[in-house]
Amino acid sequence: MSTPLTIADLKTLARRRVPKMFFDYADSGAWTEGTYRANEEDFARIKLRQRVLVDMTNRTLATTMVGETASMPVALAPTGMTGMQHADGEMLAAKAAEEFGVPFTLSTMSICSIEDVASVTSKPFWFQLYVMKDRGFVERLIGRAKAAKCSALVVTADLQILGQRHKDIRNGLSAPPKWTLNSALQLATKPQWCLEMLQTKRRGFGNIVGHASNVSDLSSLGAWTAEQFDPRLSWDDIRWIKDLWGGKLIIKGILDEEDARAAADTGADALIVSNHGGRQLDGVPSSISMLPRIVDAVGDRIEVHFDGGIRSGQDVLKAVALGARGTYIGRPFLWGLGAMGKQGVTASLEIIRKEMDISMALCGKRDIQHVDREILAGTPFPAM
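You'll find the protein chain entered in an unreviewed UniProt entry as Alpha-hydroxy-acid oxidizing protein, with Rhizobium deserti given as the organism. The UniProt entry for the protein chain carries the following comment under Cofactor (unreviewed entry): "FMN".

Set out below in structure tokens:
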């Protein structure tokens, strides 16, 4: 393939290069994957208003997210096992995001550790927290994020119980891969990926092994994660985390107006409208269909961000028009990373930037700060 022109091009390249279990890990949803598909498909229901004979010069996509400058209203989302798409993946993605001028969010379930990412970046990144039953481990994670000078903490609220993703079970997903006939066959067809992985020491969950109690090697990791996600997580825990962190707090996984009001009540700096990329409760509405309702409910009280289904710059533009202050991309940058490493992450951001810039201009706007529902042709998601 020549130079990738779309996120779909990067996805095609990633499929060729990344072992099936890790490609499928990114490209999957829970159960029937109906919500995963709806996240993408519902963007097509939103139509733009074309405007002509307006000044389209001196355009800018620059904005802020939780008070931090961004070259466009896009952040790299926290994604688990990013370092299995490409060796040292989180470090490469963080460097690409810093150079592009957008926030990078490191997942608790990353392959590269907080300290690894801090060692290759000069700008503070964001850290995403899963709340475990072991509150001592949570406190130490937050302390490590502080020591790394992370500038925002993103607390994921919608993963108290792990949704079932059939592809992961069938593929025997693990990090690093377990030596089975199935995994051996998958790896044998991806020699370049294997060679790069052999050249790094980062093949397990860097934020957990050696940091969590009684987890000194990879053999005990699977059982620990299965036991440690806390199904009793509550709004009181969010307040405890906010006090412990003391900095900018973002709550991820809001898909209901009542939960949005509760998030605003905590005093958090932002919430992210998200259904975890369709990877948790299958059958819920798409993130984009719920965005305007949540903006209307709490947009005057808390900064509203958006995550789920973005595959183009037009999708970002539509989310901003419906009230999102910023958006997050997960799969698009993972596909870029899997396809081309750091260069691919940059390519994914550039594709989105170019599509958003041109589309904004053709809607008659020059500044992303002035984009609102006026650029949309009608209301695609009536109130339920």
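*Asks:* When you look at the packing of aromatic side chains in this model, what are you seeing that I'm missing?
*Replies:* The description of an aromatic ring pair uses the distance of the two centres, along with the angle that the planes make with each other. Following the criterion strictly, the structure yields four aromatic pairs and no others. For the ring pair Phe43 and Phe306, a centre distance of 5.8 Å and an interplane angle of 90° mean the geometry is edge-to-face. In this pair, Phe43 is assigned in the loop between helix H3 (34-41) and strand E1 (63-65) and Phe306 in strand E9 (residues 303-307), connecting sequence segments 263 residues apart. Classification of Phe306 as buried rests on a relative accessible area of 0%. Ring geometry for Tyr130 against Phe229: centres 5.3 Å apart, planes inclined by 75°, an arrangement best described as edge-to-face. Within this pair, whereas Tyr130 is found in the loop between strand E5 (126-129) and helix H6 (135-147), its partner Phe229 is found in the loop between helix H10 (221-228) and helix H11 (235-245), the two being separated by 99 residues in sequence.

*Asks:* Explanation requested: the nonpolar core in the structure shown.
*Replies:* Here is a general trend for soluble globular proteins: nonpolar side chains tend to be buried in one another's company. Counting residues in hydrophobic clusters, the biggest one holds 112 residues, and the most contacted among them are Leu129, Leu271 and Leu291. The leading source of residues in this core is helix H4 (residues 89-100), at seven residues. Once you skip the residues sitting within four places of it in the chain, Leu271 turns out to touch Ile251, Ile254, Ala260, Ala263, Ile294, Val298, Ile302, Glu303, Val304 and His305. With eleven residues, the next largest nonpolar core counts Met65, Ala77, Val154 and Tyr328 among its residues.

*Asks:* How should the pairing of E9 be read in this particular structure?
*Replies:* Both faces of the sheet carry side chains from a regular strand, because those side chains alternate between them. Summarising burial for E9: four of the five residues are buried, a large majority. As paired elements, strand E8 (residues 270-273) and E9 share four bridges and run parallel to each other. From the neighbouring strand, Val273 faces E9, where its bridge partner is Phe306. After leaving E8, the chain enters helix H13 (residues 287-298) and then returns to the sheet as E9, a path that is right-handed. In terms of strand pairing, E9 meets strand E10 (residues 326-329) through three bridges, oriented parallel.

*Asks:* Help me understand the sheet that holds strand E7 (residues 248-254) in this model?
*Replies:* Read from one edge of the open sheet, eight strands run E3-E10-E9-E8-E7-E6-E5-E4, paired in parallel fashion. Both outer strands of the open sheet, strand E3 (74-76) and strand E4 (105-106), are each paired with one neighbouring strand and no more. Packing against the sheet, H6 makes contact with E5 and strand E6 (152-156), and its axis sits at approximately 175° to E5.

*Asks:* What is the right way to look at the side chain of Asp158 in this model?
*Replies:* By the secondary structure assignment, Asp158 is in the loop between E6 and helix H7 (166-171). It is Lys252 that comes nearest to the buried, bridge-free Asp158 among opposite-charge side chains, at 5.2 Å. Only 2.9 Å separates the side chain of Asp158 from the side chain of His276, close enough to count as a polar contact.

Cut-offs applied
- Residues numbered from 1 in each chain as written.
- Predicted model: local features only at pLDDT ≥ 70, side-chain atom pairs only at ≥ 80, totals over all residues.
- Heavy atoms only, no water.
- UniProt positions renumbered as here; feature names shortened; annotations may be inferred.
- Phe/Tyr/Trp six-rings, centres within 6.5 Å; stacked < 30°, edge-to-face > 60°.
- Helix = DSSP H or I, 4+ residues; strand = E, 2+ residues; numbered from the N terminus.
- Buried < 20%, exposed > 50% of the residue type's maximum accessible area, 1.4 Å probe, protein only.
- Core = buried A, V, L, I, M, F, W, Y, C linked by side-chain atoms within 4.5 Å.
- Contact = heavy atoms within 4.5 Å.
- Pairing = 2+ DSSP bridges.
- Right-handed = clockwise from strand over helix to strand, strands pointing away.
- Axes fitted to C-alpha atoms, helices over the stretch in contact; angles between N-to-C directions.
- Lys, Arg positive; Asp, Glu negative; His and termini not counted.
- Salt bridge = Lys/Arg side-chain N within 4 Å of Asp/Glu carboxyl O.
- Polar contact = N/O pair within 3.5 Å; in protein donor to acceptor, adjacent residues only side chain to side chain.

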